[in-house]
Amino acid sequence: MAVIGHRGAPYDHRENTLASLRAALEAGADAVEIDVRLTADRIPVLLHDPTLERLWDHDRRLSSLTYAQVDEVTAGGVPTLRDALALTAEYPSARALIDLPDPTAAKSAVGEVHESGAADRAYYCGGGLSMLAVRAADPAAELALSWCRTAPPRPELLARVRPRWLNYHFGLVTEDLVERAHGDGYLFAAWTTDTPRAARRLKRAGVDAVTTNRVAAVRAAL
């Protein structure tokens, strides 16, 4: 079972920073999950929230600031997607899992991935709208459709998204659910769990990848 660092290693370093990503990869993560949004001048950067308030104590929407302004108010703390892809390239077997909380960032993110020569080591996750936007931008992209409902994804959505992965909240995962997904030809991922006990349960259920905030602890448990 692959282990994915959720926004890097957020218990060791501020999430979605280069230090956090590096810490997760050094701890043995197979991939790092990063959240990508756009600045006012449409630069893809790493930030989960629509504002800088929670992480950087600035109550400004990212979409209202240019990258230069973001760089200034965070003292260079918010990396670009290009920066993150360059870092993961230092680890030959590592991948970047690009989460897109805002579907409008999909086209720019896909463009940056290709311009960075990272198409073979980056894949994407998110809800239906975001994954449809990625699929429109890149028919060959590897997608993980994120899901947090007991009702399964609709067949018409699956047909349009064409995901390689089904990416479920870990609390919904059962052996039967994983078996059905595998039978339908999908890989199965689960997010986000931090306890060794839960990670071992997911492994027994046949899950192919788990996203965690505690890479070292989960890796040791497996």
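See the structure shown above.
Residues take numbers from 1 onward in each chain, read along the sequence in its written order. Whole-chain, interface and lining totals are the exception, using all residues; otherwise, since this is a predicted model, local features are given only for residues with pLDDT of at least 70 and side-chain atom pairs are given and counted only at 80 or more. To get the side-chain values, all heavy atoms of the structure are used, and hydrogens and water are removed first.

Caption draft 1: Seen up close, the nonpolar core. Grouped together as the largest cluster of nonpolar side chains are 54 residues, with contacts concentrated most on Ile34, Leu81, Ile98, Leu100, Tyr124, Val134 and Val173. By the convention used here, residues are in contact when the closest approach between their heavy atoms is within 4.5 Å. Every residue in contact with tyrosine 124, bar those within four places of it in the chain, is listed here: Leu97, Ile98, Leu100, Ala109, Val110, Val113, Met131, Val134, Ala141, Glu142, Leu143 and Ala144. We call a set of buried residues a nonpolar core when its members are Ala, Val, Leu, Ile, Met, Phe, Trp, Tyr or Cys and they connect through side-chain atoms within 4.5 Å of each other. In this scheme, a residue with accessible area under 20% of its type's maximum is buried, one over 50% is exposed, and one in between is partly exposed, where area comes from a 1.4 Å probe on protein chains only.

Caption draft 2: Focus on the packing of aromatic side chains. Planes of paired rings set the category: under 30 degrees apart is stacked, over 60 is edge-to-face and the rest tilted, where pairs are Phe, Tyr or Trp rings (Trp by its six-membered ring) whose centres lie within 6.5 Å. Summed over the entire model, instances satisfying the criterion amount to two aromatic pairs. Taking 6.2 Å as the distance between ring centres and 35° as the angle between the ring planes, the aromatic pair formed by tyrosine 123 and tryptophan 165 counts as tilted. Residue tyrosine 123 is found in strand E7 (residues 122-126), and its partner tryptophan 165 is found in strand E9 (residues 165-169); the two are separated by 42 residues along the sequence. Of the two residues, tyrosine 123 and tryptophan 165, neither departs from the other in class, the shared state being buried. A ring pair is formed by tyrosine 168 and phenylalanine 188, whose centres lie 5.3 Å apart and whose planes are at 15°; its orientation type is stacked. Of the two residues, tyrosine 168 is situated in strand E9 and phenylalanine 188 in strand E10 (residues 187-191); the sequence distance between them amounts to 20 residues. According to the relative accessible area criterion, phenylalanine 188 is buried, its value standing at 0%. Helix and strand definitions here come from DSSP, where helices need a minimum of 4 consecutive H or I residues and strands a minimum of 2 consecutive E residues; each element is numbered from the N-terminal end.

Caption draft 3: A look at the packing of helix H1 (residues 18-26) against helix H4 (residues 81-88). Running from N to C, H1 and H4 cross one another at 25°; their axes reach a closest spacing of 10 Å. Here H4 runs roughly parallel to H1, going by the angle between their axes. Every pair of crossing elements has a handedness; the one defined by H1 and H4 is right-handed. Where H1 approaches H4, its residues Leu18, Leu21, Arg22 and Leu25 are matched on the opposing element by Asp83, Ala84, Leu87 and Thr88. Amino acids are sorted into nonpolar (Ala, Val, Leu, Ile, Met, Phe, Trp, Tyr, Cys and Pro), charged (Asp, Glu, Lys and Arg) and polar (every other residue, Gly among them). Across the contact of H1 with H4, the residue classes tally to five nonpolar, one polar and two charged. The angle between two axes is taken between their N-to-C directions and runs from 0 to 180 degrees, where each axis is a line fitted to C-alpha atoms and a helix contributes only its stretch in contact. An angle counts as roughly parallel when it lies under 35 degrees, as roughly antiparallel when it exceeds 145, as roughly perpendicular when it falls between 65 and 115, and as oblique in every other case. Helix crossings get a hand from a simple test, with the near helix turned counterclockwise from the far one by less than a right angle marking a left-handed crossing and a clockwise turn marking a right-handed one.

Caption draft 4: Fine view of the environment of valine 215. Counting through the fold element by element, valine 215 comes out in helix H10 (residues 215-221). Each C-alpha atom, one on valine 215 and one on histidine 6, is 8.5 Å from the other, the two residues being 209 residues apart in sequence. Setting aside residues up to four positions removed in sequence, valine 215 forms contacts with Val3, Gly5, Ala24, Ala27, Gly28 and Ala29.

Caption draft 5: Structural view of the packing of helix H5 (residues 106-115) against helix H6 (residues 128-137). For the pair H5 and H6, interaxial distance at closest approach is 8 Å and the crossing angle is 50°. Regarding the angle of H5 to H6, the classification is oblique. Of the two possible hands of crossing, H5 and H6 adopt the one that is right-handed. Taking contact as the criterion, the partners of Ala106, Lys107 and Val110 in H5 are, on H6, Ser130, Ala133, Val134 and Ala137.

Caption draft 6: Looking closely at the pairing of E9. Buried residues dominate E9, accounting for four of its five residues. For the crossover from strand E8 (residues 143-147) across helix H7 (residues 155-161) to E9, the handedness is right-handed. Sheet topology note: the E9/E10 ladder contains five bridges and is parallel. In the strand pairing of E10, leucine 166 is matched with phenylalanine 188. Crossover handedness is defined by viewing with both strands directed away from the observer: a clockwise path from the first strand over the helix to the second marks the crossover as right-handed. For the crossover from E9 across helix H8 (residues 175-183) to E10, the handedness is right-handed. In this scheme, strands are said to pair when DSSP sees at least two bridges between them.

Caption draft 7: Geometry of the side chain of histidine 6. Residue position: histidine 6 is located in strand E1 (residues 2-6). On the accessibility criterion, histidine 6 (12% relative accessible area) is buried.

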